Amino acid sequence: HAKLPMASTTKVMTALLALELGEMNAPVTCSKNAYGVSGTSIYLSEGETLPLSDMLLGLMLASGNDAAVAISEHIGGTMEAFVAMMNARARVIGAVNTNFANPHGLPDENHYTTAYDLALITREAMANDAFRRLVSTQRASIPWEGRSYHRQLTNKNKLLVNYPGATGVKTGYTSKAGRCLAFGSVRDGLEMVGTVLGCGDWFQEAARLMDGCHETYSMTRVLGPTISAGSIAVTDGERESCGMCVMDALDVPLGVGEAAQVVLDVPGSVRAPVYPGMHLGTAKLVVGGQVFGTGEV
């Protein structure tokens, strides 16, 4: 949980907020503040306007710091107000050891995170379908004002090309933070996200970590409509008990020799008549003291 400098992986939160709060066709204008921001850029001209959807491509594929500021001012009114929104959203997610000082990730003594916090933020972002599509995009073309040709954007995340099942997510680099990477993959129904910070062999280390997880864990269906969740006593019925199941499948990642505990929250008995689909309570899947899934019984 050591607090470390953040690089362009900051843009995971910037993109998430923009997707949650913005309108994709809305025009976003590059202000004087956004123009010429140091570091990586999509070379916006002052006053240049692009739809938010194109700005997001420039933000996440080319890691444009100018696009980050333009987006932050569009969503928050000012960059400072947007940064406050970033920090508030981080607290909701549970990233309590993170503090954002800007929307792009350039060094600031008040701009820090932990690998765990960034993984929490990445997991939250990957639950957004539009975000998933954005960070898995390998190439895109967006307009370039005043030119007869478009900007050609190429995703810097080599995992998208080299790692089977890679889903994203975002590279980042500054001299202070080093190489930082939020990554993810899906294989055989098991999805994971992770982060490495200050890691020289970032892509290789991310691949090693994901390989290890895929080799160690597999998605296991513990409960479902055709899997018994136990029985419940029936009063005033033709039978003394009936079987229970959950309405939707509950899968959990389990390691070799690991098992999920099923915790039922149902009454001791139910009065007849009992019918299929009747709601009785809930079931929780617990592994290592942590709840991994909840379903209706």
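Structure shown above.
Residues numbered from 1 in each chain as written. Predicted model: local features only at pLDDT ≥ 70, side-chain atom pairs only at ≥ 80, totals over all residues. Heavy atoms only, no water.

Student: I keep staring at helix H8 (residues 202-216) and nothing clicks. Help me out?
Tutor: An α-helical segment advances 3.6 residues per turn. Residues three or four places apart therefore align on the same side. The terminal C-alpha atoms of H8, which comprises 15 residues, lie 21 Å apart, in line with the 21 Å expected from a rise of 1.5 Å per residue. Of the surrounding elements, those touching the buried residues of H8 are helix H7 (159-162), strand E7 (166-174), strand E8 (178-187), strand E9 (190-196) and strand E10 (217-223). (Helix = DSSP H or I, 4+ residues; strand = E, 2+ residues; numbered from the N terminus. Expected span 1.5 Å × (residues − 1). Contact = heavy atoms within 4.5 Å.)

Student: Would you take a moment to explain the pairing of strand E17 (residues 290-296) for this structure?
Tutor: Put simply, side chains in a regular strand alternate between the two faces of the sheet. For strand E16 (residues 282-287) and E17, the ladder comprises six bridges, and the chain directions are antiparallel. Its bridge partner lying in E17, Val287 is registered against Gln290. (Pairing = 2+ DSSP bridges.)

Student: It is not clear to me how the sheet that holds E17 should be interpreted in this structure. Could you clarify?
Tutor: Note on sheets: strands pair through backbone hydrogen bonds, and any given pair is parallel or antiparallel. Sheet architecture is open: three strands sit in the order E14-E16-E17, paired in antiparallel fashion. Looking at the sheet topology across the chains shown, the edges are occupied by strand E14 (261-265) and E17. Each neighbouring strand pair of the sheet contributes to a mean axis angle of 25°, computed without reference to strand direction. (Axes fitted to C-alpha atoms, helices over the stretch in contact; angles between N-to-C directions.)

Student: What should I look at first to understand the packing of aromatic side chains in this one?
Tutor: Note on aromatic pairs: each is described by the distance of the centres and the angle between the planes. One pass over the full model with this rule turns up two aromatic pairs. Note on Trp144 and Tyr149: the rings are 6.0 Å apart at their centroids and 75° apart in plane angle, and the pair reads as edge-to-face. Tyr149 sits in the partly exposed class, given a relative accessible area of 45%. Between Trp202 and Phe203 the ring centres are 4.8 Å apart and the planes differ by 40°, which places this aromatic pair in the tilted class. By relative accessible area, Phe203 is classed as buried at 11%. It is Arg147 that lies over the ring of Trp144; its NZ or CZ is 4.0 Å from the centre. (Phe/Tyr/Trp six-rings, centres within 6.5 Å; stacked < 30°, edge-to-face > 60°. Buried < 20%, exposed > 50% of the residue type's maximum accessible area, 1.4 Å probe, protein only. Lys NZ or Arg CZ within 6 Å of the ring centre and 35° of its normal.)

Student: What's the story with the nonpolar core in this structure? I'm lost.
Tutor: Inside soluble globular proteins, nonpolar side chains tend to come together where they are buried. Judged by nonpolar contacts, the single largest core of 49 residues is most densely connected at Met13, Leu56 and Phe131. Sorting the residues of this core by element identifies helix H1 (11-21), helix H2 (52-60), helix H3 (65-76), helix H4 (79-93), helix H5 (115-126), helix H6 (129-135) and strand E5 (139-142) as the ones contributing at least two each. At seven residues, H1 tops the list of elements feeding residues into this core. Among all residues touching Met13, those that are not within four sequence positions of it are Met86, Arg89, Ala90, Ile93, Phe100 and Ile121. (Core = buried A, V, L, I, M, F, W, Y, C linked by side-chain atoms within 4.5 Å.)

Student: Help me understand the pairing of E8, please; the structure alone is not making it clear to me.
Tutor: Most of E8 is tucked away: seven of the 10 residues are buried. Relative to E8, E7 runs antiparallel, the two sharing eight bridges. Within the sheet, the bridge partner assigned to Val169 lies in E8 and is Phe183. Where E7 hands over to E8, the hairpin turn is made up of three residues, counted between the paired strands. Examined bridge by bridge, E8 and E9 share seven bridges and lie antiparallel to one another.

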